[in-house]
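Secondary and tertiary structure notes
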Amino acid sequence: MAKALPKQYENAERWAFADSEQLADQLATLIVNGTKTATCANLDQDGIPQKGDVFVVVNGKGEPVCAVELTAVELTSFDQVDEAHAYAEGEGDRSLAYWRQEHQRFFEAYDLFSPNMSLILMNFKVIETF
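Keep in mind that this is a model prediction, so the values were computed, not measured.

A word on the overall build of the chain. The helix and strand tally for the chain stands at 3 helices and 5 strands. Relative to the 2.2 N^0.38 estimate, which gives 14 Å for 130 residues, the radius of gyration of the chain is 14 Å and therefore close to what a compact globule would have. In terms of overall dimensions, the chain has C-alpha extents of about 40 × 25 × 25 Å along its principal axes. Taking all 130 residues of the chain together, the buried fraction comes to 36%. The long-range share in the chain, meaning contacts at least 24 apart out of those at least 6 apart in sequence, stands at 72%. Surface accessibility of the chain: about 7,400 Å² in total, with carbon and sulfur atoms responsible for 47%.

Where charged atoms from two side chains of opposite charge come close, those side chains can pair. This model, assessed by the stated rule, comprises 6 salt bridges. One salt bridge in this structure joins glutamate 91 and lysine 36, with 2.8 Å as the shortest N-O distance. One end of the pair, glutamate 91, is in the loop between helix 2 (83–89) and helix 3 (96–109); the other, lysine 36, is in the loop between helix 1 (21–32) and strand 2 (38–42), with 55 residues separating them in the sequence. In terms of burial, glutamate 91 and lysine 36 fall into one category: buried.

Turning our eyes to something else, we now look at the environment of alanine 38. Mapped onto the secondary structure, alanine 38 falls in strand 2. Each C-alpha atom of the pair alanine 38 and glycine 92 lies 14 Å from the other, and the pair is 54 residues apart in sequence.

Moving on to helix 3. Taking 1.5 Å as the rise per residue, helix 3 with 14 residues should run 20 Å; its terminal C-alpha atoms sit 20 Å apart, in good agreement. Tucked inside the fold, the buried residues of helix 3 contact strand 2, helix 2 and strand 5 (118–129). Aspartate 111 lies just past helix 3 and shows a positive phi near 55 degrees.

With that out of the way, let us pick up the side chain of serine 77. Tracing the backbone shows serine 77 in strand 4 (residues 64–77). Among the polar contacts listed, one links the side chain of serine 77 to the side chain of aspartate 79, at a separation of 2.5 Å. With sequence-adjacent residues up to four places away left out, serine 77 is seen in contact with Asn116, Met117 and Ser118.

Let's shift gears to the sheet that holds strand 3 (residues 54–58). The 5 strands are arranged 1-3-4-5-2 in an open sheet whose pairing can be described as mixed. Of all the strands in the sheet, the pair left with one neighbour each is strand 1 (13–16) and strand 2. Ignoring which end each strand starts from, the neighbouring axes of this sheet average 45 degrees apart. Of the strand pairs in this sheet, strand 2 and strand 5 are connected by 5 bridges, and their pairing is antiparallel. Note that in strand 5 the partner of alanine 38 across the bridge is asparagine 123. Here helix 1 sits on the sheet and contacts strand 3, strand 4 and strand 5; the angle it forms with strand 4, its principal contact strand, is near 90 degrees. Of the strands in this sheet, strand 2 and strand 5 are in contact with helix 3, which crosses strand 2 at around 35 degrees.

Right, let's get into the pairing of strand 4. With 5 bridges connecting them, strand 3 and strand 4 associate as antiparallel partners. Residue valine 57 lies in a different strand from strand 4, and its bridge partner there is cysteine 66. Where strand 3 hands over to strand 4, the hairpin turn is made up of 5 residues, of which glycine 62 adopts a positive phi near 85 degrees. Here 11 bridges tie strand 4 to strand 5, and the two strands are oriented antiparallel to one another. The residue bridging alanine 67 from the neighbouring strand is glutamate 128, located in strand 5.

How each quantity is defined
Residues numbered from 1 in each chain as written. Predicted model: local features only at pLDDT ≥ 70, side-chain atom pairs only at ≥ 80, totals over all residues. Heavy atoms only, no water. Helix = DSSP H or I, 4+ residues; strand = E, 2+ residues; numbered from the N terminus. Rg over C-alpha atoms; globule rule 2.2 N^0.38 Å. Buried < 20%, exposed > 50% of the residue type's maximum accessible area, 1.4 Å probe, protein only. Contact = heavy atoms within 4.5 Å. Areas by Shrake-Rupley, 256 points an atom, 1.4 Å probe, with all protein chains shown as cover. Salt bridge = Lys/Arg side-chain N within 4 Å of Asp/Glu carboxyl O. Expected span 1.5 Å × (residues − 1). Polar contact = N/O pair within 3.5 Å; in protein donor to acceptor, adjacent residues only side chain to side chain. Pairing = 2+ DSSP bridges. Axes fitted to C-alpha atoms, helices over the stretch in contact; angles between N-to-C directions.

Structure (structure tokens):
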């Protein structure tokens, strides 16, 4: 049976990483073990998260895995993302080439990709695991 979500996170926005259940599970594991400490999102009408915001990370089945707090938020374009951010995202071989390949694939699947698309780069730390 899944552990109950602590009360202080009941109203926190839930974040699912990736576009498949398997990858979401893998990325949630990378977050919990400290390998993945960053992410990005396309800039849209949902607004820009702020440093200090707290989110609940869910696995591929939508079950809460941990809570994270944003430690830095930056706006940039896809083609300006640097090696340090790609490494912090913790995926694949952690290279910028891998990051660009996988994120271009992801954004193209949703018909959002362009080399100069605006991205929100976010760094975070795990504040509690469930």
